[in-house]
Amino acid sequence: MDQIQSIRVFARVVEAGTFTKAAESLDLPKGTVTKLVQHLESRLKVKLLNRTTRRVTVTPDGAAYYERTVRVLNDLDDIEASMTNAQASPSGRLRVDVGTSVAREIIIPALADFYRRFPDIQLDLGVTDRSVDLLADNVDCVIRGGELLDQSLVARRVANVPLVTVASPAYVKAHGMPTHPEQLENEHTMVNYFSTRNGRPFANEFEKDGQTLEISGRYKLSVNESNAMTAAVLAGLGVGQMASFTALPLVERGELVRVLGDWSCETIPLYVVYPPNRHLSAKVRAFVEWVADLFSRQPQMSRG
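Residues numbered from 1 in each chain as written. Predicted model: local features only at pLDDT ≥ 70, side-chain atom pairs only at ≥ 80, totals over all residues. Heavy atoms only, no water.

(A) Seen up close, the overall build of the protein. Along the protein, the regular secondary structure elements total 10 helices and 15 strands. Its C-alpha atoms give the protein principal-axis dimensions of roughly 75 × 45 × 35 Å. For the protein, the proportion of its 304 residues judged to be buried stands at 45%. For the protein, the share of sequence-separated contacts (at least 6 apart) that also reach a separation of at least 24 residues comes to 78%. With an accessible surface of roughly 15,600 Å², the protein has 50% of that area assigned to carbon and sulfur atoms. (Helix = DSSP H or I, 4+ residues; strand = E, 2+ residues; numbered from the N terminus. Buried < 20%, exposed > 50% of the residue type's maximum accessible area, 1.4 Å probe, protein only. Contact = heavy atoms within 4.5 Å. Areas by Shrake-Rupley, 256 points an atom, 1.4 Å probe, with all protein chains shown as cover.)

Have a look at this one:
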């Protein structure tokens, strides 16, 4: 069996965490993946992986072997890319994960331009506001906003997204216009956003003249997906904070009105994130640069 293939398969099992996920991402039968790893262990005369019914863990020897061989694999990819002129014409399948509102309002409408520039890239676009495990799920890169919890990942800030406080005209007609954030605590109803990671609601931040307030607000509805937030506020279910690129066009069309416009809201950093030990191939690099350029031209965002 091919030694390089065995090493690549071993590395994928380490990253995916299971033989099944590794086999799926490599489009190989699970039995072939198992056999290749066993062949590698037999040749090296060392145990690289501990196997259980649910998950695979790396032995100390396996971790050391992975750290050294993954650099070699990346070097081989670099050599192959330069020899095949891949930098000039990126090609192949690219798995990207994007938040729902960013996908719907920014990425997907602009993809015709991406394909004009890179006609040989096949894009698998995962659309969710939930966190993904880049290595285990075999994702090349993600676009996400907010705090980066995994400091081992490589992140490039591509934009800063201001939040805007809004409500529907029907809500304002029925309940009046708030004049101070503290009124959201007991005089108005909010639509809140809760974390997909821990289920806890995010506080709504307001800032004016050096004063910062964090308002949880009285709410009847809390959501964990940005399109649901938009739908809820449009339906008049309460006051909500939304990304400026979503909210302001709706304000311009009269479908929403700005609330507490003299108070600034939080600005969310937006990142393209990818694993440090995954070779930044020509296709990934092409997508990252295209995304950075795309977001730099968004009128409702500031440059990352």
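Picking up where we left off.
(B) Focus on the packing of aromatic side chains. Evaluation of the coordinates by the stated rule reveals 7 aromatic pairs. On the basis of an interplanar angle of 50° and a centroid distance of 5.2 Å, the ring pair of phenylalanine 114 and phenylalanine 118 is categorised as tilted. By the burial criterion, phenylalanine 114 is buried, and phenylalanine 118 matches it. On the basis of an interplanar angle of 35° and a centroid distance of 6.2 Å, the ring pair of tyrosine 193 and phenylalanine 202 is categorised as tilted. Its relative accessible area of 24% is what places tyrosine 193 among the partly exposed residues. (Phe/Tyr/Trp six-rings, centres within 6.5 Å; stacked < 30°, edge-to-face > 60°.)

(C) Structural detail: the pattern of salt bridges. Following the criterion strictly, the structure yields 12 salt bridges and no others. Between glutamate 41 and arginine 51 there is a salt bridge whose closest N-O contact spans 2.9 Å. Remark: arginine 51 occurs in strand β1 (residues 49–51) and glutamate 41 occurs in helix α3 (residues 30–44); sequence separation between them is 10 residues. Residues arginine 95 and aspartate 97 are paired through a salt bridge, measuring 3.9 Å at the closest nitrogen-oxygen approach. A relative accessible area of 2% places aspartate 97 in the buried class. Several salt bridges converge on common partners, so that one network encompasses Asp113, Arg117, Asp293 and Arg297. (Salt bridge = Lys/Arg side-chain N within 4 Å of Asp/Glu carboxyl O.)

(D) Quick peek at a nonpolar patch on the surface. Residues Ile4, Val72 and Leu76 make up a contiguous nonpolar surface patch of roughly 210 Å² in combined accessible area. Its place among the elements puts leucine 76 in helix α4 (residues 60–83). You can call leucine 76 partly exposed: its relative accessible area is 33%. (Patch = residues over 30% accessible without salt bridge, like charges linked within 9 Å, V, L, I, M, F, W, Y side chains within 5 Å.)

(E) Looking closely at the side chain of threonine 69. If you trace the backbone, threonine 69 turns up in helix α4. Here threonine 69 falls in the buried class, since its relative accessible area comes to 9%. Within the local environment of threonine 69, its side chain forms a polar contact with the backbone oxygen of tyrosine 65, the two atoms lying 2.8 Å apart. (Polar contact = N/O pair within 3.5 Å; in protein donor to acceptor, adjacent residues only side chain to side chain.)

(F) Structural detail: helix α10 (residues 282–296). Under the 1.5 Å per step criterion, the end-to-end length of α10 is 21 Å for 15 residues, consistent within 8% with the ideal 21 Å. Buried residues dominate α10, accounting for 11 of its 15 residues. Within the span of α10, buried status applies to Ala282, Lys283, Val284, Ala286, Phe287, Val288, Trp290, Val291, Ala292, Leu294 and Phe295. (Expected span 1.5 Å × (residues − 1).)

(G) Examining the sheet that holds strand β13 (residues 264–265) more closely. Spatially, β9-β8-β13 is the arrangement adopted by the 3 strands of the open sheet, whose pairing is antiparallel. The two strands at the open ends of the sheet, each matched to only one other strand, are β9 (211–215) and β13. As paired strands, strand β8 (residues 204–208) and β9 are joined by 5 bridges and run antiparallel to one another. Bridge pairing in β9 places phenylalanine 206 opposite leucine 213. (Pairing = 2+ DSSP bridges.)

(H) Structural context of unusual backbone geometry. The phi dihedral of lysine 45 is positive, around 60°, even though this residue is not glycine. Residue position: lysine 45 is located in the loop between α3 and β1. Phi is positive for aspartate 209, which is not a glycine, with a value near 50°. Relative to the helices and strands, aspartate 209 resides in the loop between β8 and β9. Of the residues examined, aspartate 209 reaches a relative accessible area of 75% and is grouped as exposed.

(I) Main features of the environment of phenylalanine 295. Summarising the element assignment, phenylalanine 295 is placed in helix α10. A sequence separation of 34 residues divides phenylalanine 295 from glycine 261, and the C-alpha atoms of the two residues are 24 Å apart.

(J) Summary view of the nonpolar core. Within the largest apolar cluster, 33 residues are counted, with the highest numbers of intra-cluster contacts made by Ile107, Ile143, Phe287, Trp290, Val291 and Phe295. At the level of elements, β3 (92–98), α5 (100–117), β4 (121–127), β5 (141–145), β6 (154–167), β14 (267–274) and α10 are the ones that each hand at least two residues to this core. Among the elements that make up this core, the one with the highest residue count is α10 (9 residues). Apart from the residues lying within four places of it in its own chain, the contact partners of valine 291 are Ile107, Ile143, Val158 and Val272. The next biggest cluster of nonpolar side chains, apart from the first, holds 20 residues, and it includes Ala11, Val37, Tyr66 and Val70. (Core = buried A, V, L, I, M, F, W, Y, C linked by side-chain atoms within 4.5 Å.)

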